[in-house]
Amino acid sequence: MMEENCIFCKIIRGEIPSQKVYEDEWVYAFRDINPAAPTHILIVPKEHLASANALEEKHEALVGHILVCARKIAEEQGFAEYGYRIVNNCGENAGQTVFHLHFHVLSGAKFDRMV
Ligand code: DGP
């Protein structure tokens with residue numbers, strides 16, 4: 001299911017332009033408009049899920065697929081060996097601003113420890 005007014009649903013539908021880096025049946029990946037690192041890619045499921053709080057058991061394969069996509073993108077884009085950070089912000093207090101589930105893939109910088 002898609003949401004009419006969701007920014008990321010519009011990007012997936014091609015109604016808002018984006019710099020695509022990967023696409024398959026389940027996911028769409030594109031460059032973040034406001035990068036927080038030299039490489040900053042967003043991986044989003046094509047199904048509209050507002051956040052990690054919307055995940056159910058039926059989404060287990062999808063979430064696993066997203067992580068495998070992150071690894072494939074890192075290899076294709078040449079930063080797998082350098083290293084990368086995968087981040088999901090769930091909810092406003094965690095910094096989520098777009099309420100369509102997404103995973104940030106960040107690379108090209110040496111990140112401070114977060115946790
Ligand atoms: P978060 O704060 O975790 O919800 O991350 C949302 C990210 O989405 C933020 O880093 C900026 C990015 N973003 C928001 N609108 C657009 C857009 O229209 N195009 C692209 N490429 N990225 C966007």
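It should be noted that the structure appears before, not after, this text.
Residues numbered from 1 in each chain as written. Predicted model: local features only at pLDDT ≥ 70, side-chain atom pairs only at ≥ 80, totals over all residues. Heavy atoms only, no water.

Caption draft 1: Fine view of a nonpolar patch on the surface. A cluster of nonpolar side chains, L67, Y84 and I86, forms an exposed patch at the surface whose accessible area comes to about 240 Å². For Y84, the position within the fold is in strand β4 (residues 84–87). Classification of Y84 by relative accessible area gives partly exposed; the value is 30%. (Patch = residues over 30% accessible without salt bridge, like charges linked within 9 Å, V, L, I, M, F, W, Y side chains within 5 Å. Areas by Shrake-Rupley, 256 points an atom, 1.4 Å probe, with all protein chains shown as cover. Salt bridge = Lys/Arg side-chain N within 4 Å of Asp/Glu carboxyl O. Helix = DSSP H or I, 4+ residues; strand = E, 2+ residues; numbered from the N terminus. Buried < 20%, exposed > 50% of the residue type's maximum accessible area, 1.4 Å probe, protein only.)

Caption draft 2: Local environment of the pattern of salt bridges. According to the stated counting rule, one finds 4 salt bridges in the structure shown. A salt bridge links E15 to R13, with the shortest nitrogen-to-oxygen separation between them at 2.7 Å. Look at E15 and you get partly exposed, because its relative accessible area is 48%. Two residues, E23 and K20, come together in a salt bridge whose shortest N-O distance is 2.9 Å.

Caption draft 3: Layout of the sheet that holds β4. The strand order β1-β2-β3-β5-β4 describes an open sheet built from 5 strands, whose pairing is antiparallel. For this open sheet the edge positions go to β1 (20–23) and β4, each flanked by a neighbour on one side alone. The average angle at which neighbouring strand axes cross in this sheet is 20°, direction not considered. Here 5 bridges tie strand β3 (residues 39–45) to strand β5 (residues 103–107), and the two strands are oriented antiparallel to one another. When the bridges of β5 are listed, T39 appears paired with S107. (Pairing = 2+ DSSP bridges. Axes fitted to C-alpha atoms, helices over the stretch in contact; angles between N-to-C directions.)

The analysis is restricted to geometry; functional conclusions fall outside its scope.
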